[in-house]
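Here is what each chain is made of, one letter per residue.
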Amino acid sequence: MEQPRRVAVITAHPDDSEFGAAGTIAKLVQEGAEVAYVIVTNGNKGSGDRAMTSERLVRIRQDEQRAAARTLGVERVHFLGYEDGEVEDTRELRRDVSREIRRWRPDLVICQSPNRTYNLGFSHRDHRIVGGVVLDCVYPLFRDHLAFPELLPEFEPHKVREIYVMQWENPQLVVDISDVMDLKLKALACHASQFGDFAALDARVRERGAALGRAHGYAYAEAFDRIEMLR
Ligand SMILES: [Zn+2]
């Protein structure tokens, strides 16, 4: 498989890309890929602070996400602005995701799993819905010109070469991120509104990365299912 030159990472919330794939993203950037993020929700519910308002939180989380992306060398961050916790599989969302993919024209798409798994805190509903929508958009919706005719002529159909689905139960692809683990943690640290105790998070992320890498002899790893698209 050739190195991907353009990569789109499409997730439900600010911070999802860093938790699931920051090491892999950092490595792709170091290998010369141009990476774009598409974040479906505005993350406006992710706070335990009773004095926090949704409006303030949206701005804080967008700034945090942009800082995390800069840390990893991600070129572009686009927010679709859907309500946190209320994502549904609608035509509007499928069209919006298709449009962003057609705009960026990636070889590789990284997304979340559409399945409920029990090692991801039971999997957030937004993650499952966004994961399913992204896969539906890769095939067939952003390949076919008759899907979403309103996107033409500005956003021409596009074929993605492969997909990495963030997934930690019997993953097909285990990426060695030992060299970039510190960068992953630095990017995660940008999401300061999301944790009180970064030392505890640091330890948890290292523990999980180590567990994923163990069977392969890697100090730290991230894991995915990998789908190669027929051409
Ligand atoms: Zn999330």
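Up top is the structure these notes are about.
Quick caveat, the model's predicted, so the values are computed rather than measured. (Residues numbered from 1 in each chain as written. Predicted model: local features only at pLDDT ≥ 70, side-chain atom pairs only at ≥ 80, totals over all residues. Heavy atoms only, no water.)

**Let's talk about the overall build of the protein**
A count of helical and extended segments in the protein gives 6 helices and 7 strands. Counted from the first residue to the last, the protein has its helices and strands arranged as β-α-β-α-β-α-β-α-β-β-α-α-β. Whereas a compact globule of 231 residues would reach a radius of gyration of roughly 17 Å, the protein reaches 17 Å, a difference of no more than 12%. Each principal axis of the C-alpha distribution contributes one length, and for the protein these read about 50 × 45 × 30 Å. For the protein, the residues scored as buried account for 52% of the 231 residues in total. (Helix = DSSP H or I, 4+ residues; strand = E, 2+ residues; numbered from the N terminus. Rg over C-alpha atoms; globule rule 2.2 N^0.38 Å. Buried < 20%, exposed > 50% of the residue type's maximum accessible area, 1.4 Å probe, protein only.)

**Some thoughts on helix H6 (residues 198–214)**
The first and last C-alpha atoms of H6 sit 24 Å apart over 17 residues, in line with the 24 Å expected at 1.5 Å per residue. For H6, the full list of buried residues reads Leu 201, Asp 202, Val 205, Gly 209, Ala 210, Leu 212 and Gly 213. In a view along the axis of H6, the buried residues occupy a sector of 165°, so they form one face of it. Of the residues in H6, the exposed ones pointing more than 90 degrees away from the buried face are Ala 199, Glu 207 and Arg 214. For H6, the N-terminal capping position is held by Asp 197, with its side-chain oxygen 3.2 Å away from the main-chain nitrogen of Ala 199. (Expected span 1.5 Å × (residues − 1). Arc of directions from axis to C-beta. Polar contact = N/O pair within 3.5 Å; in protein donor to acceptor, adjacent residues only side chain to side chain.)

**Comments concerning the pattern of salt bridges**
Where charged atoms from two side chains of opposite charge come close, those side chains can pair. One pass over the structure, following the stated rule, counts 18 salt bridges. Here Arg 6 and Glu 34 are joined by a salt bridge, their closest N and O atoms 2.9 Å apart. In this pair, Arg 6 is assigned in strand S1 (residues 6–11) and Glu 34 in strand S2 (residues 34–41), connecting sequence segments 28 residues apart. Note that Arg 76 and Glu 100 form a salt bridge whose closest N and O atoms lie 3.7 Å from each other. Pair noted here: Arg 76 is in strand S3 (residues 76–82) and Glu 100 is in helix H3 (residues 91–104), with a separation of 24 residues, a long-range link. If you follow the salt bridges from partner to partner, you end up with Arg 76, Arg 95, Asp 96, Arg 99, Glu 100 and Arg 103 in one network. (Salt bridge = Lys/Arg side-chain N within 4 Å of Asp/Glu carboxyl O.)

**Digging into the side chain of Ser 113**
Structurally, the position occupied by Ser 113 is in the loop between strand S4 (108–111) and helix H4 (125–141). What makes Ser 113 buried here is its relative accessible area of 7%. Only 3.1 Å separates the side chain of Ser 113 from the backbone nitrogen of Asn 115, close enough to count as a polar contact.

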